[in-house]
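Fold and geometry: a report
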Amino acid sequence: MTGANYAAGHAMQAAPLASAVEILLDFLDPGTIIQVLINGLAKSSVFVMIAVGLTLVFGLMGVLNFAHGSLTMIGAYLGGALVLFAVSPSMGDFTRLGAFFVVVVAVLALLTALGAALEISLIRPLYDRPPLYQILLTFGLTLVFDEIVRIVLEIYDIQPTTKWQAPLNTRPSFMGQESQRTLDWLFGVRVDGMQVFEIVFGFVVVVGIWLFLTRTRYGLYIRAGSEDTEMTEALGIDVGQAFTVVFGLGVGLAGVAGALLMWDPIRGGASVPLGADVLLPAFVVVIVGGLGTYRGTVVAALIVGMTDATMTWLFDNHVEFAGLPELVVFLILVIVLIVKPQGLFGVKEVGGH
Amino acid sequence: MATDADEADPGEGSGPLGATTDVGGGDPLAGEPWYRRYLWDHRVHAAVVVLFALYPFAYSGLTEAMPATMTTLLPGITVMVGVLYFGLFAMSFDFVSGYTGYLDFGHAAFYGIGAYFVILVANDKVPLLDPSTPFMFSLVIAGLLAALVALVIGAVSFRLTGVYFAMITLGFAQVIYVLMSNWDYLGDNPRSGIAVNTSMHPEGFEVGVPFVDALNMQIASANFVGETLSTELAGHVIALSAPEVSYFMIGLVVGFCYFAMQRVIHSPFGKVMIAIRENEERAEAIGYDTFKYKMGAFAISAFFAAVGGALFAGYRRSVDPDNSLFFLVAGDALLAAIIGGFGTLAGALFGFLFFEFLGELLANNFVSRGGESVPDGLLPYLRDVLGEGTLSTTLFGDVTVRTVLDVLFNGRAELYIGVLFVLFVLYVPNGILGTLRLWLGGTVAKKLPERIGSRLRGGQADPGPPDD
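Residues numbered from 1 in each chain as written. Chains lettered and ligands numbered in written order. Predicted model: local features only at pLDDT ≥ 70, side-chain atom pairs only at ≥ 80, totals over all residues. Heavy atoms only, no water.

**Let's talk about the overall build of chain B**
Selection criterion: Only DSSP runs of H or I covering at least 4 residues are called helices, and only runs of E covering at least 2 are called strands; the numbering of each starts at the N terminus. Here the radius of gyration uses the C-alpha set of atoms, whereas the globule reference equals 2.2 Å times the residue count to the power 0.38. Using a 1.4 Å probe on the protein chains alone, a residue whose accessible area is under 20% of its type maximum counts as buried, one over 50% counts as exposed, and one in between counts as partly exposed. Throughout, a residue-residue contact means that at least one pair of heavy atoms, one from each residue, lies within 4.5 Å. Each accessible area is a Shrake-Rupley result for a 1.4 Å probe, and residues are judged covered by the shown protein chains and nothing else. We treat Lys and Arg as the positive residues and Asp and Glu as the negative residues; His and chain ends play no part in the count. The location of each charge is read from NZ of Lys, CZ of Arg, CG of Asp or CD of Glu.
The secondary structure content of chain B amounts to 20 helices and 10 strands. In terms of C-alpha radius of gyration, chain B reaches 24 Å, essentially the compact-globule figure of 23 Å for 468 residues. Counting only C-alpha atoms, chain B reaches 75 × 60 × 55 Å along its principal axes. Per-residue burial over chain B gives 50% buried out of 468 residues. A fraction of 65% describes how many contacts in chain B between residues 6 or more apart in sequence connect residues 24 or more apart. As displayed, chain B offers around 21000 Å² of accessible surface, 63% of which is attributable to carbon and sulfur atoms. Side chains of chain B carry 24 positive and 43 negative charges; the gap between the two charge centres is 6 Å.

Structure representation (structure tokens):
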């Protein structure tokens, strides 16, 4: 912290109103706003990636998947292993990027298969029990998954609790730490390649899923099933199969989020604790948006991402409370649930007893 | 139970203690004073308490007789102390979630409040409370504070149900977690927790009746801090280490709390809690203000959770955000409650005992016993027993018995607990105690003596009069 910032922090205690105005003026500086906006968009992309699978599954099946975080973590390790296998040091930047997309598709396929298998073998017997048991089962699965990953990591001599560094070397040169550029033409905003990549990636995934839900026949089934399962079934659609597909897809998307985070040591990085770290913000985004609504999740991810970026900026410059961004994210959850218990776009019946 | 009998035959015309004709088929203790009836009703509880009380002696006896086997098999006293205070927390979780059906994912907040509060009082960080405040006082105040926080959280949370309730309580708990792990008023490095100021409190905290020296014992995990005891009883020297003294003192508090919660569950208030779980709309339709009952249950549960947390911090003499306030701490309570039996109260403690037993069994430690290093855990035990010859036997390829054992048992407790938990959710949804109840057709405390009694009398259904 610079001396001036430190002084600002103290001034705040002396004259709260004056310093609030000061902070606001500081924030309204175009350079600051654009910086926070870009940081916020990158964070929002990550949030939407980790939450979208969760919301699809809940929307159709009413199952809150507690193993979602662990599955993201598995995706991160799997993606890391595959990318290390696919990328050789001599490869050029764009070949690396291509290899990454091949890896993403592979992770999506593998984890979708895993998810479908889980649905058929473990979740399906629980549909006629209270929703509590689905939460419990998936919660138990996190224990098993985390431990299995630990065993595998032990075999390969990788530290489970620290971020896995090896896959970071497979990134194209325009994504690493050294890729950060100060854009003089844009008020001196600092951007690194990873942020741009995340924003584009998140945008593509959001649009892709939206197209899938609204433009394909299967998406129609899923939307119909979310509205009224029995009616959909009565119309001759195999909802049971749709459940399997959607649960698989939800898990697959968790894996894709993991593969993305595996390349981002700042917002993620493959490690076993990543699971719990990812699970809570994913819950916040999904609940704030309204459980099971796709549009709500995207909007909530933007809100949470932007708030997070603003609070991080506030902490970096004015407030000496390191937990501020995290704290405010959970406050958003609490406040939204108090003011609008179904979330921003939620429907009343979903998720109750 | 006395109240049940009163309610069962109000029209008999006999006084509360004179119910000579009982619906349940012969009340053996009709006309006896209430405490004898209470003891008789709770004879299974009493037996369990006696078993717990005898455990330290059994443990030291058995480990002396068969050091390797018993040290591996049985959880040590320090682990058992953990079973007691965390068991209390798990029971308090079961009290609200198992009985009203509202899943409180933020229950760790109350455990953490209790734990932080007693240490902050001891470190002179709480205004109005002197650092020399007796531990028992700060423990009760911690409980009341947690109950107050529960009322605030509950006031907004109980408007929601199901998943949303779980999520808003989780949100509140995480807010408290983030606050406490970043607030530097608490200590130098709040993220890694706070510890008791040893210059202010060189000795362990006293559990017992405040200001009566003879009725207090110190709790601490280490002998040099806590109190050891050595007395002669009928020619035998009984020497208790500090953890053993703590085991008994914490056990007393936990036992007291259990019976208090059990009393509430079996009161009309508890019946309404169950009614809310089974069908809240119907309970409301009958005329109960369910919101008030939920708030009451939440506050009571928070109180006991904080007591559990206070005992935990008092015994460990330190606390950090991740072992008290983090949401996964409530997850452990949930696991314990489900394995033991959701909605059975005592089941939560037995569930946690079962966990710790598994964890201890699968540990990979050596402990010193009588100057000798003794294996504590299945892996070192098997290595010890099997010997080098068997261990290096090749099974196939370059896989030896040793590698197989390593992969299977080296610190894998979490894996087995997870698998077991999943199996429980799928196939034993009622948990250990719940299944036992279904099998007996009533609570274990009530039905087990009847069963045993009828077996002893050769299939006679009703329990006969007591022998005296």
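**Here's the deal with the packing of aromatic side chains**
Ring pairs (aromatic) are described by centroid distance and by the angle formed between their planes. Put simply, the rule is: Put simply, two rings from Phe, Tyr or Trp (the six-membered ring, in Trp's case) pair if the centres are within 6.5 Å, and we call them stacked under 30 degrees between planes, edge-to-face over 60, tilted for the rest.
If you walk through the whole model with that rule in mind, you get 40 aromatic pairs over all chains. Ring geometry for A:Phe100 against A:Phe197: centres 5.5 Å apart, planes inclined by 70 degrees, an arrangement best described as edge-to-face. Here A:Phe100 is found in helix 5 (residues 93-123), whereas its partner A:Phe197 is found in helix 7 (residues 193-215), with 97 residues between them in sequence. Each member of the pair, A:Phe100 as well as A:Phe197, carries the same accessibility label: buried. Of the aromatic side chains, those joined through ring pairs into one cluster are B:Tyr85, B:Phe86, B:Phe89, B:Tyr111, B:Phe312, B:Tyr315, B:Phe352 and B:Phe355.

**Focus: the packing of helix 3 (residues 30-61) of chain A against helix 7 of chain A**
Residue and element names in this part refer to chain A. Quick reminder of the rule: The angle between two axes is taken between their N-to-C directions and runs from 0 to 180 degrees, where each axis is a line fitted to C-alpha atoms and a helix contributes only its stretch in contact. Two helices cross in a left-handed way if the nearer one is turned anticlockwise from the farther one by less than a right angle. They cross in a right-handed way if the turn is clockwise.
For the pair helix 3 and helix 7, interaxial distance at closest approach is 8 Å and the crossing angle is 35 degrees. Seen along the crossing, helix 3 lies across helix 7 with a hand that is left-handed. Residues Ile38, Asn39, Leu41, Ala42, Ser45, Val46, Val48, Met49, Val52 and Leu56 of helix 3 form the contact with helix 7, whose own contacting residues are Gln195, Glu198, Ile199, Phe201, Gly202, Val205, Val206, Ile209 and Leu213.

**As for the pattern of salt bridges**
Residue and element names in this part refer to chain B. This is how it is decided: For this document, the term salt bridge refers to a Lys or Arg side-chain nitrogen within 4 Å of an Asp or Glu carboxyl oxygen.
Enumeration over the complete set of coordinates arrives at 7 salt bridges over all chains. One salt bridge connects Glu280 with Lys294, and the closest N-O pair in it is separated by 2.7 Å. One end of the pair, Glu280, is in helix 11 (residues 280-286); the other, Lys294, is in helix 12 (residues 290-316), and 14 residues separate them in sequence. Judged by its relative accessible area of 4%, Lys294 falls in the buried class. Notably, a salt bridge pairs Asp289 with Lys292, separated by 3.9 Å at the nearest N-O pair. By relative accessible area, Asp289 is classed as partly exposed at 39%. For Lys292, a relative accessible area of 59% translates into the label exposed.

**A short note on the side chain of B:Thr290**
All names here are of chain B. With respect to the secondary-structure elements, Thr290 resides in helix 12. Thr290 sits in the buried class, given a relative accessible area of 3%. In contact with Thr290, other than residues within four places in its own chain, are Ile276, Glu280, Ala283 and Glu284.

**Regarding the interface of chain B and chain A**
We count it as follows: Two parts placed together each lose some accessible area under a 1.4 Å probe, and the buried area is that loss summed for both. By the criterion applied in these results, polar contacts are pairs of N or O atoms within 3.5 Å in which, for protein atoms, one can donate a hydrogen and the other can accept it, and in which residues neighboring in sequence qualify only through two side-chain atoms. Each residue is assigned to one class: nonpolar for Ala, Val, Leu, Ile, Met, Phe, Trp, Tyr, Cys and Pro, charged for Asp, Glu, Lys and Arg, and polar for all the others, Gly among them.
The partner chain A presents 43 residues to the 41 residues of chain B that form the contact. Together, the buried faces of chain B and chain A total about 4000 Å²; carbon and sulfur atoms form 79% of this surface. When the area that chain B buries against chain A is broken down by residue, the three leading residues are B:Val163, B:Tyr164 and B:Met167, summing to 17%. Across the chain B-chain A interface, the total number found is 5 residue pairs in polar contact (both at pLDDT 80 or more). Every element with two or more residues in the side of chain B that touches chain A is listed here: helix 8 (162-182), helix 14 (327-340) and helix 18 (413-427) of chain B. Top contributing element to the side of chain B that touches chain A by residue count: helix 8 of chain B, with 14 residues. Its residues assigned to classes, the side of chain B that touches chain A shows 29 nonpolar, 9 polar and 3 charged.

**Overview of the domain arrangement of chain B**
Stated formally: Either an automatic procedure or a domain database provided the assignment from which the domain bounds are taken.
Per the domain assignment, the segments of chain B are domain 1 (1-41) and domain 2 (76-339). Measuring from the centre of the C-alpha atoms in domain 1 of chain B to the corresponding centre in domain 2 of chain B gives 35 Å.

**Quick notes on helix 6 (residues 131-155) of chain A**
Residue and element names in this part refer to chain A. Basically, it comes down to this: In this analysis, the expected span of each helix is defined as 1.5 Å times one less than the number of residues it contains.
Compared with the 36 Å implied by 1.5 Å per residue over 25 residues, the 37 Å span of helix 6 between its first and last C-alpha is a close match. With respect to burial, helix 6 is a largely interior element, 19 of its 25 residues being buried. Two residues or fewer past helix 6, Asp157 is found with a positive phi of approximately 60 degrees.

**Section: the environment of A:Leu261**
All names here are of chain A. Along the polypeptide, Leu261 turns up in helix 10 (residues 239-262). Judged by its relative accessible area of 2%, Leu261 falls in the buried class. Along the primary structure Leu261 and Met73 are separated by 188 residues, whereas in three dimensions their C-alpha atoms are 9.0 Å apart. Once residues lying within four places of it in the same chain are set aside, the contact partners of Leu261 are Val46, Ile50, Thr72, Arg267, Gly268, Gly269, Leu274 and Val278.

**Topic: the packing of helix 4 (residues 68-86) of chain A against helix 11 (residues 274-289) of chain A**
Residue and element names in this part refer to chain A. As a reminder of what qualifies: These descriptions rest on fixed angle ranges, namely under 35 degrees for roughly parallel, over 145 for roughly antiparallel, 65 to 115 for roughly perpendicular, and the rest for oblique.
At a minimum axis separation of 7 Å, helix 4 and helix 11 run at an interaxial angle of 130 degrees. Classified by the interaxial angle, the pair formed by helix 4 and helix 11 is oblique. Here the hand of the crossing between helix 4 and helix 11 comes out right-handed. Here His68, Gly69, Ser70, Thr72, Met73 and Ala76 of helix 4 lie close against helix 11, whose contacting residues are Leu274, Gly275, Val278 and Leu279. Tallied by class, residues from the contact of helix 4 with helix 11 come to 5 nonpolar, 5 polar and no charged.

**Details of the pairing of strand 3 (residues 216-219) of chain B**
Residues and elements named next belong to chain B. To keep things clear, this is the line we draw: A strand pair is defined by DSSP finding two or more bridges across the two strands.
Going residue by residue along strand 3, you find Asn216 and Gln218 tucked away on one face and Met217 and Ile219 tucked away on the opposite face as well. Here 4 bridges tie strand 2 (residues 205-208) to strand 3, and the two strands are oriented antiparallel to one another. In the strand pairing of strand 3, Glu206 is matched with Gln218.

**Quick word on the confidence of the model for chain A**
Residue and element names in this part refer to chain A. To keep it simple, the criterion reads: The predictor rates its confidence in each residue with pLDDT, a number between 0 and 100.
Scored by pLDDT, chain A comes out at a mean of 85, with 92% of its residues at no less than 70. The element-level mean pLDDT for chain A is lowest in helix 1 (residues 3-14), coming to 47, with helix 4 highest at 93. Contacts from residues 1-12, a stretch scored under 50 in pLDDT, to residues over four places away or in other chains number 14 contacts.

**Regarding the side chain of A:Ser45**
Residue and element names in this part refer to chain A. Along the chain, the position of Ser45 falls in helix 3. Taking relative accessible area as the criterion, Ser45 reaches 6% and is therefore assigned buried. Those residues in contact with Ser45 that lie beyond four places of it in its chain are Glu198, Ile199 and Gly202.

**Re a nonpolar patch on the surface**
In plain terms, the rule: Distance thresholds for patches are 9 Å for like charges and 5 Å for nonpolar side chains (Val, Leu, Ile, Met, Phe, Trp, Tyr), applied to residues having over 30% relative accessible area and no salt bridge.
Taken together, the side chains of A:Val196, A:Val200, A:Phe203, A:Val204, A:Val207, A:Trp210 and A:Leu211 make up a nonpolar region of the molecular surface, amounting to roughly 630 Å² of accessible area. Locating A:Trp210 in the fold gives a position in helix 7.

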